[in-house]
Amino acid sequence: MDPNPPEVAACDPLIAQQSDQVFSSAAELFRLLATPIRLKIISALCQQEKNVSQLLAEIDTTQPNMSQHLSTLYRAGVLARRRDATQIYYRIGDARAAGLCRAVCTEIAMGIDSDVDVRTRAARFSP
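Residues numbered from 1 in each chain as written. Predicted model: local features only at pLDDT ≥ 70, side-chain atom pairs only at ≥ 80, totals over all residues. Heavy atoms only, no water.

With that out of the way, let us pick up the overall build of the protein. Helices and strands together make up the secondary structure of the protein, namely seven helices and three strands. Put simply, the protein runs from its N terminus to its C terminus through helices and strands in the order α-α-α-α-β-α-α-β-β-α. Counting across all 127 residues of the protein, residues that qualify as buried make up 22%. Sequence-distant contacts in the protein: of pairs separated by 6 or more residues, those separated by 24 or more amount to 48%. As presented, the protein carries roughly 9000 Å² of accessible surface, and 56% of it is formed by carbon and sulfur atoms. (Helix = DSSP H or I, 4+ residues; strand = E, 2+ residues; numbered from the N terminus. Buried < 20%, exposed > 50% of the residue type's maximum accessible area, 1.4 Å probe, protein only. Contact = heavy atoms within 4.5 Å. Areas by Shrake-Rupley, 256 points an atom, 1.4 Å probe, with all protein chains shown as cover.)

Structure follows, in structure tokens:
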């Protein structure tokens, strides 16, 4: 049996000191993803690549705002892009970032659903 299971190892101060680069990179990624529209963009691109017009049809924002966020995500390597004549198509460029986005949003959505279920059940039993 491992004397330091992953849960304990991750909380070990010595490992934390040795992992400054890991924590710094994670903080930078969280900062990049800390905007709801960027999370929506990543979610919209998880299944297939799309151009700006297609993204604007799914996400309520202006074209300049969308372009700014796409550019930021592209420069960070989270998105990749290709040109087809006059259209630029965006796709996920960093599967780890997309996976993190999916995991966090899924956990939050499950928590919201649980909160709704608890409130609904409580309301049923209220006088």
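And the narrative resumes.
Turning next to the pattern of salt bridges. Tallying each qualifying case throughout the model produces four salt bridges. Between Glu58 and Lys50 there is a salt bridge; the shortest N-O distance is 2.5 Å. On the basis of relative accessible area, Glu58 is assigned to the partly exposed category, the value being 46%. Under the relative-accessibility criterion, Lys50 is labelled buried at 10%. (Salt bridge = Lys/Arg side-chain N within 4 Å of Asp/Glu carboxyl O.)

The next point concerns the packing of helix 4 (residues 36–45) against helix 6 (residues 63–75). When two helices pack together, their arrangement is given by the angle between the helix axes and by the axis-to-axis distance. At a closest axis distance of 10 Å, the pairing of helix 4 and helix 6 adopts a crossing angle of 75°. Classified by the interaxial angle, the pair formed by helix 4 and helix 6 is roughly perpendicular. Side by side, helix 4 and helix 6 meet where Ile37, Arg38, Ile41 and Ile42 of the first sit next to Asn65, Met66, His69, Leu70, Thr72 and Leu73 of the second. For the contact of helix 4 with helix 6, the per-class residue count stands at six nonpolar, three polar and one charged. (Axes fitted to C-alpha atoms, helices over the stretch in contact; angles between N-to-C directions. Parallel < 35°, antiparallel > 145°, perpendicular 65-115°, else oblique. Nonpolar A, V, L, I, M, F, W, Y, C, P; charged D, E, K, R; others polar.)

On to the packing of aromatic side chains, then. Following the criterion strictly, the structure yields zero aromatic pairs and no others. When the ring centre of Tyr74 is taken as origin, the NZ or CZ atom of Arg81, which lies over that ring, is 3.7 Å away. (Phe/Tyr/Trp six-rings, centres within 6.5 Å; stacked < 30°, edge-to-face > 60°. Lys NZ or Arg CZ within 6 Å of the ring centre and 35° of its normal.)

Below, the discussion takes up the sheet that holds strand 1 (residues 50–51). One open sheet accounts for three strands, arranged 1-3-2; its pairing is antiparallel. In this open sheet, the two edge strands, each paired with only one partner strand, are strand 1 and strand 2 (79–84). In this sheet, strand 3 (residues 87–92) lies alongside strand 1 in antiparallel orientation, the contact comprising two bridges. Across the sheet, Lys50 pairs through a bridge with Tyr90, a residue of strand 3. Helix-sheet contacts for helix 4 involve strand 1, strand 2 and strand 3, and the interaxial angle to strand 3 is about 90°. Here helix 6 sits on the sheet and contacts strand 2 and strand 3; the angle it forms with strand 2, its principal contact strand, is near 115°. (Pairing = 2+ DSSP bridges.)

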